[in-house]
Amino acid sequence: MARVLVTGASGFIGTALAPRLVAAGHVPRFLVRRPPSPGKPAPSAEIVQGDLGEPATLAAAVAGTDAVVHLGAATSAGRLDPAVAYRVNVGGATALIAAARAAGCTRIVVMSTQHVHLPRPGLYGLTKRMADRLFLGSGLDVTVLRPSLVYGPGARGVFVKLAGLVRRLPVIPVIGPGTWRLRPVFLDDLIDVVVATLARPELAGRTYDVGGPDLVTYNEFLGAICDALGRRCRRVRLPIGVSFVLASVLERMLANPPLTVDNVHGATLEAPCDLRALLRDYRPRLTPLVEGLRRTFEEAA
Ligand SMILES: NC(=O)c1ccc[n+]([C@@H]2O[C@H](COP(=O)([O-])OP(=O)(O)OC[C@H]3O[C@@H](n4cnc5c(N)ncnc54)[C@H](OP(=O)(O)O)[C@@H]3O)[C@@H](O)[C@H]2O)c1
């Protein structure tokens, strides 16, 4: 049993993690920017208000905990402002490390991303890569997880946005040829890995790519989502150059654009997602894509 601070607890992954931490016997504490709105079900954890971009708020959040699961980030799910990306992803890492050191909390599980491997990582990948380096060089007992695209039931995040587009649009836009490959990982499987990591202090200092068992092209992934939703998959190909122009225009016009420049970066280059270390050290059960998508949409129905 450990007292575990979760940053990003209100997000796609954080929301699914909370009940699993409780089930594993941990006592979670959630760092949130805004208190939960009245009328919503009471969260299964203590809530502390704070912001990764405001270092002074983190000391109280970490005090008295044994471990941190760091999910909070300015992500590629929406428009990414450079100042916010650096303040939250890089500044937030520095501040969290300092707060953890001061509180004597040595164990940190960091949720990184496959984007850090990309030769042109975009703002999101670049700031996450800088954060990984800070955590791994901190001298704390850090394990870094780098998932491929995470899919599962939820209310927000990259996959939820993509599934929403597939559901709503008569024709699905695909950036470039759609032949880049990914290993979509089922949310439940990623949570298993996080929970297992908390129980394994000997995994400190290590970094793991985390992906599903199916290596698929983006076109195949879209096809699998369409099959799971029982709809025909009609795609239209957007040339890369056009996609960059479109994304930057949409980012300027909309608060929550359906396409961002970082999305285009992520959709043009392939990250390796090498599962060998994960399979060796965790022996995880990795849900096949077809089964995971079926469960995703059953649970969301
Ligand atoms: N989902 C994926 O496919 C995927 C793949 C690879 C890696 N990851 C990584 O997994 C982690 C969680 O991703 P997710 O999909 O759950 O993202 P998400 O749904 O976009 O949630 C992001 C979380 O970060 C919090 N956050 C943002 N800015 C913050 C700030 N300044 N201070 C404190 N909290 C802040 C958000 O809080 P609010 O509710 O206040 O906005 C939210 O709880 C991220 O580190 C991401 O890089 C995700």
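Conventions and cut-offs
- Residues numbered from 1 in each chain as written.
- Predicted model: local features only at pLDDT ≥ 70, side-chain atom pairs only at ≥ 80, totals over all residues.
- Heavy atoms only, no water.
- Phe/Tyr/Trp six-rings, centres within 6.5 Å; stacked < 30°, edge-to-face > 60°.
- Helix = DSSP H or I, 4+ residues; strand = E, 2+ residues; numbered from the N terminus.
- Buried < 20%, exposed > 50% of the residue type's maximum accessible area, 1.4 Å probe, protein only.
- Contact = heavy atoms within 4.5 Å.
- Pairing = 2+ DSSP bridges.
- Right-handed = clockwise from strand over helix to strand, strands pointing away.
- Axes fitted to C-alpha atoms, helices over the stretch in contact; angles between N-to-C directions.
- Parallel < 35°, antiparallel > 145°, perpendicular 65-115°, else oblique.
- Left-handed = near helix turned anticlockwise from the far one by under 90°.
- Nonpolar A, V, L, I, M, F, W, Y, C, P; charged D, E, K, R; others polar.
- Near = heavy atom within 4 Å.
- Polar contact = N/O pair within 3.5 Å; in protein donor to acceptor, adjacent residues only side chain to side chain.
- Areas by Shrake-Rupley, 256 points an atom, 1.4 Å probe, with all protein chains shown as cover.
- Expected span 1.5 Å × (residues − 1).

### Some thoughts on the packing of aromatic side chains
Thinking step 1. Counted under the stated rule, the structure contains seven aromatic pairs.
Thinking step 2. Plain terms: the ring middles of Tyr151 and Phe186 are 5.4 Å apart, the flat faces sit at 35° to each other, and that makes the pair tilted. Of this pair, Tyr151 sits in strand β7 (residues 150–151) while Phe186 sits in strand β10 (residues 185–186); the two residues are 35 residues apart in sequence, bridging distant segments of the chain.
Thinking step 3. What makes Tyr151 buried here is its relative accessible area of 0%.
Thinking step 4. On the accessibility criterion, Phe186 (2% relative accessible area) is buried.

### Considering the side chain of Thr217
Thinking step 1. Within the secondary structure, Thr217 sits in strand β12 (residues 216–217).
Thinking step 2. A relative accessible area of 16% places Thr217 in the buried class.
Thinking step 3. Beyond its immediate sequence surroundings of up to four residues, Thr217 is in contact with Gly178, Thr179, Trp180, Arg181 and Leu182.

### Thoughts on the environment of Ala93
Thinking step 1. Mapping Ala93 onto the fold places it in helix α3 (residues 82–103).
Thinking step 2. Separated by 38 residues in sequence, Ala93 and Ala131 have C-alpha atoms that sit 5.6 Å apart.

### Quick look at the environment of Thr179
Thinking step 1. When you line up the elements, Thr179 lands in the loop between β8 (172–175) and β9 (181–182).
Thinking step 2. Spatially, the C-alpha atoms of Thr179 and Val216 are 8.6 Å apart, while their sequence positions differ by 37 residues.
Thinking step 3. For Thr179, the contacting residues outside a window of four places in its chain are Thr217, Asn219 and Glu270.

### Some points on the pairing of strand β6 (residues 141–147)
Thinking step 1. Within β6, six of the seven residues are buried, leaving the element largely enclosed by the surrounding structure.
Thinking step 2. In this sheet, β6 lies alongside strand β5 (residues 107–111) in parallel orientation, the contact comprising five bridges. Residue pairing across strands places Val110 opposite Val144, the latter belonging to β6.
Thinking step 3. You can see the chain leave β5, run along helix α4 (residues 122–136) and come back into β6, and the turn it takes is right-handed.

### Digging into the packing of helix α5 (residues 158–168) against helix α7 (residues 218–229)
Thinking step 1. Following both chains from N to C, one finds α5 and α7 inclined at 65°, their axes separated by 10 Å at the closest point. Classed by the angle they form, the pair α5 and α7 counts as roughly perpendicular. The element α5 and its partner α7 pack so that their crossing is right-handed. Across the interface between the two elements, Phe159, Leu162, Ala163, Val166 and Arg167 of α5 pack against Tyr218, Phe221, Leu222, Ile225, Cys226 and Leu229 of α7.
Thinking step 2. Tallied by class, the residues present in the contact of α5 with α7 amount to 10 nonpolar, no polar and one charged.

### Looking at the site of the ligand
Thinking step 1. Within the structure, the ligand sits among 26 residues, and Ser10, Arg33, Asp51, Tyr124 and Lys128 are positioned closest to it.
Thinking step 2. Here an oxygen atom of the ligand and a side-chain polar atom of Ser10 are 2.5 Å apart.
Thinking step 3. A distance of 3.2 Å separates an oxygen atom of the ligand from a polar atom in the backbone of Ala73.
Thinking step 4. Across the complex, the protein chains shield 92% of the 900 Å² of accessible surface that the ligand would expose by itself.
Thinking step 5. If you list the elements that add at least two residues to the shell around the ligand, you get α1 (12–23) and α4.
Thinking step 6. The class makeup of the residues in the shell around the ligand is 12 nonpolar, nine polar and five charged.

### Section: the sheet that holds β6
Thinking step 1. Here we have seven strands laid out as an open sheet, ordered β3-β2-β1-β4-β5-β6-β11, and parallel in their pairing. The sheet is open, and its two borders are formed by β3 (46–49) and β11 (207–210), each paired with just one other strand. The average angle at which neighbouring strand axes cross in this sheet is 20°, direction not considered.

### So, α4
Thinking step 1. With 15 residues, α4 extends 21 Å from end C-alpha to end C-alpha; this agrees with the ideal 21 Å at 1.5 Å per step.
Thinking step 2. Buried positions along α4 lie against β4 (67–70), α3, β5, β6 and α9 (261–266).

Distances and angles like these do not, on their own, reveal function.
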